[in-house]
Amino acid sequence: MKIGHLFGTLVLAITVVWIYFQLPHLPQWTRVEMDIIQSLWIGNLDPLPDDTTNKVADDPGAARLGHQLFFDKRLSINGAFSCASCHQPDKRFTDGLVRGIAIGQTQRNTLSIIGGAYSPWQYWDGRKDSQWSQALAPLEHPLELGANRMFVARLVGTVQTYKDAYEVLFDTFPDLSDRSRFPDNAGPVADTEWNAAWQGMAASDRDIVNRIFANIGKSIAAYERLLVPGQSRFDDYVDAIQSGNRSEILNHDEIAGLRLFIGKANCIQCHNGPLFTNNEFHNTGTATSPGEIPDKGRVQGVREASSDLFNCVGVYSASNDHCAELRFARTGSDLIGTMRTPSLRNLEGTAPYMHKGQLATLADVLDHYKEAPLAIIGHNEAKPLNLTLRELDQLEAFLHTLDAPVAVAPEWLSPPAIMHPVNN
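Description of the structure in this document. (Residues numbered from 1 in each chain as written. Predicted model: local features only at pLDDT ≥ 70, side-chain atom pairs only at ≥ 80, totals over all residues. Heavy atoms only, no water.)

Looking only at helices and strands, the chain features 15 helices and 2 strands. C-alpha atoms of the chain, sized along the principal axes, occupy 105 × 45 × 40 Å. Within the chain, contacts between residues separated by at least 24 positions form 73% of all contacts whose residues are at least 6 apart in sequence. Within the structure as shown, the chain displays about 20,000 Å² of accessible surface, and the carbon and sulfur contribution to it stands at 56%. Here the chain holds 36 positive side-chain charges and 49 negative ones, and the gap between their average locations is 2 Å. (Helix = DSSP H or I, 4+ residues; strand = E, 2+ residues; numbered from the N terminus. Contact = heavy atoms within 4.5 Å. Areas by Shrake-Rupley, 256 points an atom, 1.4 Å probe, with all protein chains shown as cover. Lys, Arg positive; Asp, Glu negative; His and termini not counted. Charge placed at Lys NZ, Arg CZ, Asp CG, Glu CD.)

Here the focus is the pattern of salt bridges. Evaluation of the coordinates by the stated rule reveals 23 salt bridges. Across the pair D308 and K128 runs a salt bridge whose closest N-O atoms are separated by 2.9 Å. Here D308, found in the loop between α12 (298–307) and α13 (324–327), pairs with K128, found in the loop between α4 (83–86) and α5 (131–140); they are 180 residues apart in sequence, far enough to count as distant. Side by side, D308 and K128 carry an identical accessibility label, which is buried. Two residues, K264 and E391, come together in a salt bridge whose shortest N-O distance is 3.1 Å. One end of the pair, K264, is in the loop between α11 (252–262) and β1 (281–282); the other, E391, is in helix α15 (residues 389–400), with 127 residues separating them in the sequence. Through salt bridges with shared partners, one network takes in R99, R108, D125, R127, E292, D295 and K356. (Salt bridge = Lys/Arg side-chain N within 4 Å of Asp/Glu carboxyl O. Buried < 20%, exposed > 50% of the residue type's maximum accessible area, 1.4 Å probe, protein only.)

What the second largest pocket holds in volume is close to 770 Å³. Those elements giving two or more residues to the lining of the second largest pocket turn out to be α4, α5, α9 (203–224) and α12. Of the residues belonging to the lining of the second largest pocket, the class tally is 12 nonpolar, 15 polar and 11 charged. (1 Å grid on protein atoms, 1.4 Å probe; cavity = no way out; pocket = protein on both sides within 12 Å on 5 of 7 lines; lining within 4 Å. Points joined across faces, edges and corners; volume = space filled by probe spheres on them. Nonpolar A, V, L, I, M, F, W, Y, C, P; charged D, E, K, R; others polar.)

Mapping A190 onto the fold places it in the loop between α7 (160–169) and α8 (192–199). Taking the relative accessible area as the measure of exposure, A190 reaches 65% and is therefore exposed. For the pair A190 and S119, spaced 71 residues apart in sequence, the C-alpha to C-alpha distance is 29 Å.

By the definition in use, this model includes 1 disulfide. Note that C312 is cross-linked by a disulfide to C323, the S-S spacing being 1.9 Å. Judged by the torsion about the S-S bond (-75°), the C312/C323 disulfide is left-handed. One end of the pair, C312, is in the loop between α12 and α13; the other, C323, is in the loop between α12 and α13, and 11 residues separate them in sequence. The residues C312 and C323 share a single accessibility class, namely buried. Lacking any disulfide linkage, C267 is separated from the closest cysteine sulfur, that of C270, by 9.3 Å. For C267, a relative accessible area of 17% corresponds to the buried category. (Disulfide = S-S within 2.5 Å.)

Bringing the nonpolar core into the picture now. L69, F70 and F93 are the most contacted members of the largest nonpolar core, which has 52 residues in total. Of all the elements in the fold, those that place two or more residues in this core are α3 (60–70), α4, α5, α6 (149–158), α7 and α9. With 9 residues, α9 is the largest single contributor of residues to this core. Those residues in contact with F93, other than ones at most four positions away along the chain, are F70, C86, H87, Q88, L111, S112, I113, I114, Y223, L227, V406 and L413. (Core = buried A, V, L, I, M, F, W, Y, C linked by side-chain atoms within 4.5 Å.)

Structure follows, in structure tokens:
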């Protein structure tokens, strides 16, 4: 009888423990842990920061014009690609490719632009210091839209609805009809014919085109500022525990992964705040593809940002008063191989990962950090995670809870209903 009684008690105890670990439950978070968790909550995301370099940054009319331009394939030299070709709304404004492909294949993985307004730097290497400046680069990049600023300016001036919207936002659209002053194609680009045409223009005429070009970028940026992340299951969980409720929103593994994220795995050293990024630059030792020269990263990007015609301190910036990020940007050889820390929100829809798309899955990313290999160029700042396979699975489970729709009305996520023809 005693043996039977003990056996029954043991079975009951094992069953209770098993049920406990299968059901979601509210852990006892310490005050310090709660402070960290709350700091990651989307409810603590500040209002959009002002962009003093762009006077139409928050103008609804500029956002409408930018929305049309973002989806307009006529901005590419062959009429086949738009901004949305690589920044696809149904893929969280990425493209699902290892590296972006338009007219050609680009050198890096396509970063999501969701929440980009919160970052002082754009691109993996931070070579642009505003969204509007970044929006201009693909228009002239030979592997992306492959056009030139004269071509783009003329297009906007010959689409009546674009021209009308432009004049409401900025000023009378300049007369570009004199081909002896304003060639069909001209810009400081790789194409030698277009570049020669640009250099042959009067400085005052180049300035006219540059101002139109900059204003086009500012309109696209006004649209992109609307793209911010929405509430995820993680945020619902934080809502619940802040209210003192026993929450079953996250399961046991997801909660265990959160505990690892803010503790043992030390992820919040770089992935902190409501967007899960410090917007800084770090070398994490990700290998380049075989045969490729290692990417210099931020050490080159900061040089390009400082010399960019369309940066914060440039003549096409609406204000030069708040340019501390650029004026006091960190430089030096310790930036070799460093890349901007991406947001961890919406990871589920933005594979593959890292600046060259080297890692196909989140499991691959976590395995990379588990090992923390030596960097091919520069110094890997990451330390081996020393997590078990079970803990890596739990950490991945938590990362999936950060997926959420974009917090914007659905009409902004599709091409405008009417795309207007070009005037003859």
